[in-house]
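Topology and contacts: notes
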Amino acid sequence: MNPFFSTYNTPFETVPFQQIKLEHYEPAFLEGIKQGEQEVQDIINNPEEPTFQNTIVALERSGRLLGKVSNVFFNLLSAETNDEMDELANKIQPLLSEHYNNIGLNEQLFLRIKAVYDAKPALNAEDQRLLEKTYKEAKKEDLNRNREEIAQLLKDAIVLHYYYRKGCIEGALTDDPDVKKAVEILNNPAEYNRILGK
């Protein structure tokens, strides 16, 4: 039996390291990712108006299994790693990155978090800190999600500004009588040589 799939039957629910084997980690990681994705989807699909309880608290409580196995695995990996642990870490880390990116960049989830934050619910100090922390992290991910679009808009604005200035300069030069006269002289070799005294 995989120890990660049940409550630890130990004093104070301490990690039963002697019962955990290498083959227990990957199934627990995969199941943790699956559960985490479903928990977030349940938050998004909740037909009720976003509230502190059904959005912020629900998100905070999600991913328990994934957190459980991650804490054990990565602490052991840093303390007493071996080739098998390293190989598993290389296999699991891309999956974890994709999982957390999918959550952080989920626009529907961000909108629910923002709705709760904008509603300014009456909360105690601890809950208020949790709300602000969750919103700050979600807002940061929202900026990352739109980074490419923002960069393109800035690029377009710079290009338009450049060509606008360039057009103004060209227009001013085209209409300047001194510039017109100079162009006429340059296009008339005889007059140009006469002025130079050739």
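Report on the accompanying structure.

Analysis parameters
- Residues numbered from 1 in each chain as written.
- Predicted model: local features only at pLDDT ≥ 70, side-chain atom pairs only at ≥ 80, totals over all residues.
- Heavy atoms only, no water.
- Helix = DSSP H or I, 4+ residues; strand = E, 2+ residues; numbered from the N terminus.
- Contact = heavy atoms within 4.5 Å.
- Phe/Tyr/Trp six-rings, centres within 6.5 Å; stacked < 30°, edge-to-face > 60°.
- Buried < 20%, exposed > 50% of the residue type's maximum accessible area, 1.4 Å probe, protein only.
- Expected span 1.5 Å × (residues − 1).
- Bend = angle between axes of the 7 residues up to and from the residue.
- Polar contact = N/O pair within 3.5 Å; in protein donor to acceptor, adjacent residues only side chain to side chain.
- Arc of directions from axis to C-beta.
- Salt bridge = Lys/Arg side-chain N within 4 Å of Asp/Glu carboxyl O.

Moving on: the side chain of serine 70. Among the structural elements, serine 70 can be located in helix 3 (residues 64–79). Beyond its immediate chain neighbours, meaning those up to four positions away, serine 70 contacts Phe29 and Asn75.

Enumeration over the complete set of coordinates arrives at seven aromatic pairs. Residues phenylalanine 29 and phenylalanine 73 carry aromatic rings whose centres are separated by 5.5 Å and whose planes lie at 90° to one another, so their mutual orientation is edge-to-face. Taken as a pair, phenylalanine 29 in helix 1 (residues 22–45) and phenylalanine 73 in helix 3 lie far apart in primary sequence, 44 residues in all. Seen from their ring centres, tyrosine 117 and tyrosine 135 are 3.9 Å apart, and the 5° between their planes marks the pair as stacked. One end of the pair, tyrosine 117, is in helix 5 (residues 107–119); the other, tyrosine 135, is in helix 6 (residues 125–145), with 18 residues separating them in the sequence. Classification of tyrosine 135 by relative accessible area gives buried; the value is 10%. Through a chain of ring-to-ring contacts, three or more aromatic side chains come together here, namely Phe4, Tyr25, Phe29, Phe73 and Phe74.

Right, let's get into helix 4 (residues 83–104). Since the α-helix advances by 3.6 residues per turn, residues separated by three or four positions end up pointing in the same direction. When the terminal C-alpha atoms of helix 4 are compared, their 31 Å separation across 22 residues agrees well with the 32 Å that a helix rising 1.5 Å per residue should span. Of all the bends found along helix 4, the most pronounced is centred on isoleucine 92 and spans about 30°, while proline 94, a proline, follows it within four residues. Within helix 4, burial applies to Met85, Leu88, Ala89, Ile92, Leu96, His99 and Gly104. Two or three places before glutamate 84, at the start of helix 4, stands the capping residue asparagine 82, its side-chain oxygen 3.0 Å from that residue's backbone nitrogen.

The next point concerns helix 5. Over its 13 residues, helix 5 extends 18 Å from the first C-alpha to the last, a length consistent with the 18 Å expected when each residue adds 1.5 Å. All of the buried residues in helix 5 are Leu109, Phe110, Arg112, Ile113 and Val116. Projected down its long axis, helix 5 carries its buried residues within an arc of 160°, all on one side. Where helix 5 starts, the residue carrying a side-chain oxygen 3.0 Å from the main-chain nitrogen of glutamine 108 turns out to be asparagine 106. Just downstream of helix 5, lysine 120 is the residue with a positive phi angle, here 50°.

What follows is about the pattern of salt bridges. The tally for this structure, following the rule as stated, stands at three salt bridges. Two residues, lysine 114 and aspartate 118, come together in a salt bridge whose shortest N-O distance is 2.7 Å. Of this pair, lysine 114 and aspartate 118 both sit in helix 5, four residues apart, which is roughly one turn of the helix. Classification of lysine 114 by relative accessible area gives partly exposed; the value is 29%. Note that lysine 133 and glutamate 137 form a salt bridge whose closest N and O atoms lie 3.7 Å from each other. Here lysine 133 pairs with glutamate 137, and both are found in helix 6, just four residues apart, close to one helical turn. Looking at glutamate 137, the relative accessible area reads 44%, which means it is partly exposed.

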